[in-house]
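Coordinate inspection notes
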Amino acid sequence: MTRPGEALYAGRLLWLTGLAIAAPTLAGCGGGSPEGASRTEAAAPAPGDTAAMYAAQLTESLGGRDAWNQTRYLSFRWIVERDGQVVANREHSWDRYDGRYRVASEQDGTSYLLLFNVNEIDAHPELGKVPAGRAWMGGVELSEAARDSALRRGYGAFINDMYWALMPFKWEDPGVHLAYQGARTLSDGKEYATVHLTFDQGLGTTEDQYWGFLDESGRMAAWQHHLGRSEAPGDVIWWSDWRQVGDIQFAMTRVLDGGDRFIYFEDVAVAETVPEGRFDPPTR
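In what follows, the accompanying structure is described. Numbers given for residues are sequential positions, taken from 1 along each chain in its written order. With pLDDT at 70 or above as the cut-off, local features in this predicted model cover only qualifying residues; side-chain atom pairs require 80 or more to be listed or tallied, and sums for whole chains, interfaces and linings still use all residues. For side-chain calculations, the full set of non-hydrogen atoms in the structure is used, while hydrogens and water are omitted.

1. A closer look at the packing of aromatic side chains
Two aromatic rings, taken as a pair, are described by how far apart their centres are and by the angle between their planes. Only Phe, Tyr and Trp rings take part, Trp by its six-membered ring, and two of them pair if their centres are within 6.5 Å. Stacked means planes under 30 degrees apart, edge-to-face means over 60, and tilted covers everything else. Under the criterion given, the structure shown has 19 aromatic pairs. Aromatic pair Tyr155 and Phe158: ring centres 5.8 Å apart, planes at 35°, arrangement tilted. Of this pair, Tyr155 and Phe158 are both found in helix H3 (residues 144–166), three residues apart, which corresponds to roughly one turn of the helix. Buried means the residue's accessible area, taken with a 1.4 Å probe over protein chains only, is under 20% of the maximum for its type, while exposed means over 50%, and partly exposed covers the values in between. Take Phe158: its relative accessible area is 0%, and that puts it in the buried class. For the pair Phe250 and Phe265, a centre-to-centre distance of 5.3 Å together with 85° between the ring planes defines the contact as edge-to-face. Only DSSP runs of H or I reaching four residues or more are called helices, and only runs of E reaching two or more are called strands; each is numbered from the N terminus.

2. Digging into the nonpolar core
Nine residue types can take part in a nonpolar core, namely buried Ala, Val, Leu, Ile, Met, Phe, Trp, Tyr and Cys, and a core is a set of them joined through side-chain atoms within 4.5 Å. In terms of nonpolar packing, the biggest core is built from 55 residues, with Phe116, Phe158, Leu166, Met167, Trp171, Trp223 and Phe265 touching the most fellow members. By residue number, the principal contributor to this core is H3, which donates 10 residues. The contact rule is simple, with two residues in contact once any of their heavy atoms fall within 4.5 Å. If sequence neighbours within four positions are ignored, Met167 has contacts with Met162, Leu197, Tyr210, Met220, Trp223 and Trp239. Grouped together as the second largest cluster of nonpolar side chains are nine residues, Phe213, Ala221, Ala222 and Val236 included.

3. Points about the pairing of strand S5 (residues 100–107)
Here five bridges tie strand S4 (residues 85–95) to S5, and the two strands are oriented antiparallel to one another. Along S5, the bridge assignment pairs Ser93 with Arg102. Counting the residues in the hairpin turn of S4 and S5 gives four residues, including Gly99, whose phi is positive at 85°. Here, strands pair whenever DSSP counts at least two bridges between them. Taken together, the eight bridges between S5 and strand S6 (residues 110–124) define a ladder with antiparallel strand orientation. Bridged to Gln107 within S6 is Thr110. Hairpin connection from S5 to S6: two residues lie between these consecutive antiparallel strands, with Asp108 at a positive phi of about 50°.

4. Quick word on the side chain of Asp95
Along the chain, Asp95 turns up in strand S4. For Asp95, the side chain forms a polar contact with the side chain of Arg72, separated by 2.9 Å. Looking at Asp95, its side chain comes within polar contact range of the main-chain nitrogen of Asp98, at 3.3 Å. Contacts of Asp95, omitting those with residues within four sequence positions, involve Arg72, Arg100, Val274 and Phe279. N or O atoms within 3.5 Å of each other form a polar contact, as long as, within protein, one can give a hydrogen and the other can take it, and as long as residues adjacent in sequence are counted only when both atoms are side-chain atoms.

This is the structure we're talking about:
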């Protein structure tokens, strides 16, 4: 069986501009930077390593390591609301084993479609990381500079949106460091086990930090993040509406502490095989 590529990396939320697939500026909210998938066998926790024990419990609450490794295909809609209005709606599809990726959206009546490979990245002299792929706007294929710019933004959408979706699955990845910080009482008056996440040099924006709050079942109830450019940690954000999707558990909604939902997922699907034609280019 083909193995997925490199580990999902953590890092800052990218403000996506241009190509009319921009993410909103969510004050105090950070995302992360997955740059590939990982098929990993987590090491057994060392005796007395409380953080690793909580990470193992979290993995089991999500369906277990084997279920995640066998999840080859993942797709969903990533939707953002601001002031009661939908301001971003992107459709993602990912072949975790081969790195094939599809992101599609529509803005002001114009459709956008990007097909690329997250495991095939070039260092563009002006744009930075640009994946190998193709791009269409309004059904017309882009070329040269317009294509590269579109692909760079599509890769940014992959980096950002996937970490909002999958962060709990990535605690045991290489380069992620966990530290148990005891119980913390959150705004609902309940205590949660608190695990601090930091990252090796070179894994995204390494000055960023995350805290995961686990409930008594071992599942992640909320996160908080401190982006490297910020003076203080951001708001606590609740991961809610957990549902069984295939063999894994997936949280459908992200809610600001004391506020309305502002990121949610629809049309979530996982499979051990890739739907035929999903990553094919348009026929016209």
